[in-house]
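Chain and residue survey
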Amino acid sequence: MMSSKVETAKNGLFKNRSEFLQKFLAFGVLIFLCIFFGVLTGGNFLQIDNLLTIALQVTPYAILGFGLTFVLITGGTDLSAGSVLGFGGIVCAKAITLGFSIPVAILIGILTGVLAGLINGLFITKLNVTPFIATLGTQYAFRGLTQLVGQGKPVSIRALGDEQITKVFQFMGGGTVFGKIPFPTIIMLITATILGIVLSKTGYGRRLFAVGSNEEAARLSGINVVKTKLTAYIICGATSAMAGILLAARLASAQSNAGSGYELEGIAAAVIGGTSVIGGEGGILGTVIGAFVMGVLRNGLNLLKVDAFVQMVIIGTIIVLGVWYDTSRRKKQAESIKPVKNCESSK
Amino acid sequence: MTELLRMCGISKSFPGVRALSNVSLSLNAGEVHALCGENGAGKSTLMKILSGVHQADEGDIFIEGKKVSIDNTKKAQQLGISIIFQEFNLCPHLTVADNIWLDRQPKTGPFVDDKKLIEKTQQILDELGLSINPKALVRSLSVAEQQMVEIAKAISFNSKILILDEPTAALTQSEIDSLFNIIYKLKAKGVGMVYISHRLEELARIADRVSVIRDGEYIGTYPYKEVTIDTLVHLMVGRELNNKYPVYQRKIGKVLFEARNIASNKVDVEHIQVHAGEILGIAGLMGAGRTELARAIFGADKTFHKEVFVDGKLVEINSITSAIKNGIGYITEDRKKDGLALNMTVERNVNMAFISNLCKKGFVNESAAKTNADKYINSLRIKTPSMFQKTRNLSGGNQQKIVLAKWLCNDIKVLIFDEPTRGIDVGAKYEIYELMNRLSDNGVAIIMISSDLQEILGMSDRIAVMCNGRISGVLNREEATQEKILRYATGLCDEEGKGA
């Protein structure tokens, strides 16, 4: 019969050609942009220091994007991710100023995100509010809670007056290891690895894709759709809070407006990396690449002294073009249905 | 008789595939021209060329003797060609009138003239003898009524050529009758119709001529009266199918599945039981509650009350998970809508209901997953270039086998098939029937819901007929006839309280 083993070996890392093409394209764009800016800035862009700065800058967007990738794969969205980022960050900072140790404070911050994600997920799965509306509402609510915790002001760790704690906290947010590598970037890469494995190697990952691809089919196959979706929103809440904590740590101060608008950056990163906004497709590696594409664009345009407003126009255009390309590719793929006769020859 | 349409030497290739080569078709005014061929033979491609969705690589199209080029769907519409697809192109949230006159509503100034709109709609509906309210929302109509709206829309364009793609696939017997009445009316009006269908029995009632295509090649055109179903099938598949249903002696064992007092909003069934190795057919008209009964048994819908026994033991089934755990599987009627994740690979779909068994500490054992998928691809003869092919790219028959594989992975005792062969071509149907027989041989209790009476009669050991959410009668294989089933299904006779 069919020699599916040969196929497996041939495909290796990627399950099919289009998946490979997608990753390759996003990666190709990234390389192209690096060379493009490298040439235009006379090599300044490609200096190690600058590249590491980019890595540090994209870290919060990337981490936020990981959680959003999970949510997008279910076919949902989370517009409250930016607010949860601010909320998690400020709760963590507040916990430190109240005298909790740093690890405990981080845990409290992340739990805040988990709780926020749980609330989003319950609205969506149990009360059947569409994700867009549910998280639009919680975007306001969580931002309000953030402001309430900080009483409209930033929560500063420095105000605590403990040099040691400030130093440790700041290291988490902007310190370097192995020479010049930013610590948060390491955290980001570790998170990417873990979540990437969850997505591609675990039963949960399979269920998530199944739910996103056809929710009813998944349900009728005995998959617990509510639990699967709820978990995705919880992961999104947790990664949002994580990004918020790292951002607060860098400044040793949690801003009450931190992360406002970041959810769109995170969604853009995921989408550029090949995650489908209608669900069922996506991956963490793509989101990492997508976040870097955004970061490289911003940094390169800065180095070229392009006006900030013009930058927004350029980045916005690139997102739309990227998604347009992706949608048209998918459409073409769906139309090129191969009849069975082709298959018989492979017997 | 005037010739409306002539398509000559049509060829069309898609990247890597020759979909049509040198196909011809002609259509007279007032004629129903049946177009037959297996799935993937090229019927739909030919019709898409006629309706302007695709353009032919070679060949000419003449309409009323004049050579035309159909560059887009708009052009086809102007030429009086309308196509009614299997999936309707209606806006469910709009009214019947708005759908029919979409973007062509009569206006006074910039405003839609509602009165005139309703009037014009009513006129068309009357012409077709339809009792549909022009102001009704399309989503509130039944599938059959929605199809009528599609036909009314085609008439509103003054279409002379109407293409019907599998119009009866989702209809019940009485709905088919009323569809045919409309087709007779259109014939009398001089409309020419190309009629695509897998249900060869019903063609005899309406078709004047039949054309057969096989693997993109034109086989021939015959006056319908001069061909038998057997020759047609032979022409379509290119080989002799001796029997539509495999002859099989079933070994029926003890009662494997039994349910009492299944009550929900739509179902009220007192008793149903299926033996090991038995196929219980469930017949009935659309809306009789057959699918609802299946979903209730499977734990997919809430029920007020039910007692289920599997293998003699009382089990509680309050969720899909508990149904699967107790060995009950359900193959849904619409595999594209709720049976398969079309954008996912064959392997992922086969293993979808089996994931937890493939996991160790949450991680999927990939090689076990591949072995499992490979096993079912081989044993069910699923034709796919690789297990990593997207299911979207497979034919209906192969997709149906994947849904079946999904349940065979689990140690299934009771399997519910809902319309197992809808939209599947003759050859693949036979294979599905053989697989059902193999399952029954292994002692699986099968419940088969079908709107195809031939299928019900050909495959079932016993037949339960449903009407208004209740089982109105049970027939043995020997005593069952189409007429008897229909009498029970329409509620003409009702053995109240009788269980299956």
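How each quantity is defined
- Residues numbered from 1 in each chain as written.
- Chains lettered and ligands numbered in written order.
- Predicted model: local features only at pLDDT ≥ 70, side-chain atom pairs only at ≥ 80, totals over all residues.
- Helix = DSSP H or I, 4+ residues; strand = E, 2+ residues; numbered from the N terminus.
- Buried ≥ 20, exposed ≤ 12 C-beta atoms within 10 Å, placed from the backbone.
- Core = buried A, V, L, I, M, F, W, Y, C linked by C-beta atoms within 7 Å.
- Domains from an automatic or database assignment.
- Contact = placed C-beta atoms within 7 Å.
- Pairing = 2+ DSSP bridges.
- Axes fitted to C-alpha atoms, helices over the stretch in contact; angles between N-to-C directions.
- Parallel < 35°, antiparallel > 145°, perpendicular 65-115°, else oblique.
- Left-handed = near helix turned anticlockwise from the far one by under 90°.
- pLDDT = per-residue confidence, 0-100.
- Nonpolar A, V, L, I, M, F, W, Y, C, P; charged D, E, K, R; others polar.

1. Remarks on the overall build of chain A
- Within chain A one finds 15 helices and four strands.
- Each of the 347 residues in chain A was classed as buried or not, and the buried ones make up 50%.

2. A closer look at the nonpolar core
- Counting residues in hydrophobic clusters, the biggest one holds 242 residues, and the most contacted among them are Val293(A), Leu415(B), Ile446(B), Val465(B) and Ile485(B).
- In terms of residues, this core owes the most to one element, helix H11 (residues 225-251) of chain A, which gives 15 residues.
- Taken together, domain 1 (3-237) and domain 2 (255-489) of chain B each give at least three residues to this core, which thus spans both.
- Excluding its chain neighbours within four sequence positions, the residues that come into contact with Leu415(B) are Gly329(B), Ile331(B), Trp407(B), Leu439(B), Val444(B) and Ile446(B).

3. Some words on the pairing of strand E12 (residues 217-223) of chain B
All names here are of chain B.
- Note: strand E11 (residues 209-214) against E12, six bridges, orientation antiparallel. Paired with Arg-209 across the two strands is Pro-223, which belongs to E12.
- What sits between E11 and E12 in their antiparallel hairpin is a turn of two residues, with Asp-215 showing a positive phi close to 50°.

4. Focus: the packing of helix H7 (residues 163-174) of chain A against H11(A)
Residue and element names in this part refer to chain A.
- Put simply, H7 and H11 touch, their axes get as near as 6 Å, and they point 120° apart. Comparing their axes, H11 and H7 come out oblique. Considering only the axes of H7 and H11, their crossing is left-handed. Residue-level inspection shows Phe-169, Gln-170, Met-172, Gly-173 and Gly-174 of H7 in contact with H11, the latter providing Leu-246, Leu-247, Ala-249, Arg-250 and Leu-251.

5. Looking at the pairing of E11(B)
Residues and elements named next belong to chain B.
- For E11, the buried fraction is high: five of the six residues fall into the buried class.
- The pairing of strand E3 (residues 32-36) with E11 spans four bridges and is classified as parallel. Bridging from a neighbouring strand, Cys-36 pairs with Val-212 of E11.

6. Topic: unusual backbone geometry
All names here are of chain B.
- Even without glycine at this site, Glu-419 takes up a positive phi of about 50°.
- Checked against the element boundaries, Glu-419 lands in the loop between strand E21 (414-418) and helix H16 (426-441).
- Even without glycine at this site, Asn-468 takes up a positive phi of about 50°.
- In this fold, Asn-468 is placed in the loop between strand E23 (462-467) and strand E24 (470-476).

7. Some details on the sheet that holds strand E13 (residues 255-263) of chain B
All names here are of chain B.
- Pairing is antiparallel across the open sheet formed by four strands, whose spatial order is E14-E13-E16-E17. Either end of the sheet is taken by a strand with one partner, and the two such strands are strand E14 (268-275) and strand E17 (313-315). The sheet shows a mean angle of 15° between the axes of neighbouring strands, taken without regard to direction.
- Relative to strand E16 (residues 305-310), E13 is paired through five bridges, and the arrangement is antiparallel. When the sheet's bridge partners are listed, Arg-260 is paired in E16 with Glu-307.
- Against the sheet, helix H9 (residues 290-297) makes contact with E13, E14 and E16, and its axis sits at roughly 110° relative to E13, the strand it touches most.

8. Quick notes on the confidence of the model for chain A
Residue and element names in this part refer to chain A.
- Per-residue confidence for chain A gives a mean pLDDT of 86; residues scoring 70 or more make up 89%.
- Long-range and interchain partners of residues 1-15, a stretch whose pLDDT sits below 50, account for 19 contacts in this model, where long-range means more than four residues apart.
- Segment residues 337-347 is flagged for pLDDT under 50; beyond a separation of four residues in sequence, or across chains, it makes 21 contacts in the model.

9. With respect to the packing of helix H4 (residues 81-97) of chain A against helix H6 (residues 131-150) of chain A
Residue and element names in this part refer to chain A.
- In contact at an axis separation of 8 Å, H4 and H6 are set at 20° when each is read in the N-to-C sense. In this view, H4 runs roughly parallel relative to H6, as classed from their interaxial angle. Our pair here, H4 against H6, has a crossing hand that is left-handed. Of H6, the residues touching H4 (which contributes Ser-83, Val-84, Gly-86, Phe-87, Ile-90, Val-91 and Lys-94) are Gln-139, Phe-142, Arg-143, Leu-145, Thr-146, Val-149 and Gly-150.
- Split by residue class, the contact of H4 with H6 holds seven nonpolar, five polar and two charged.

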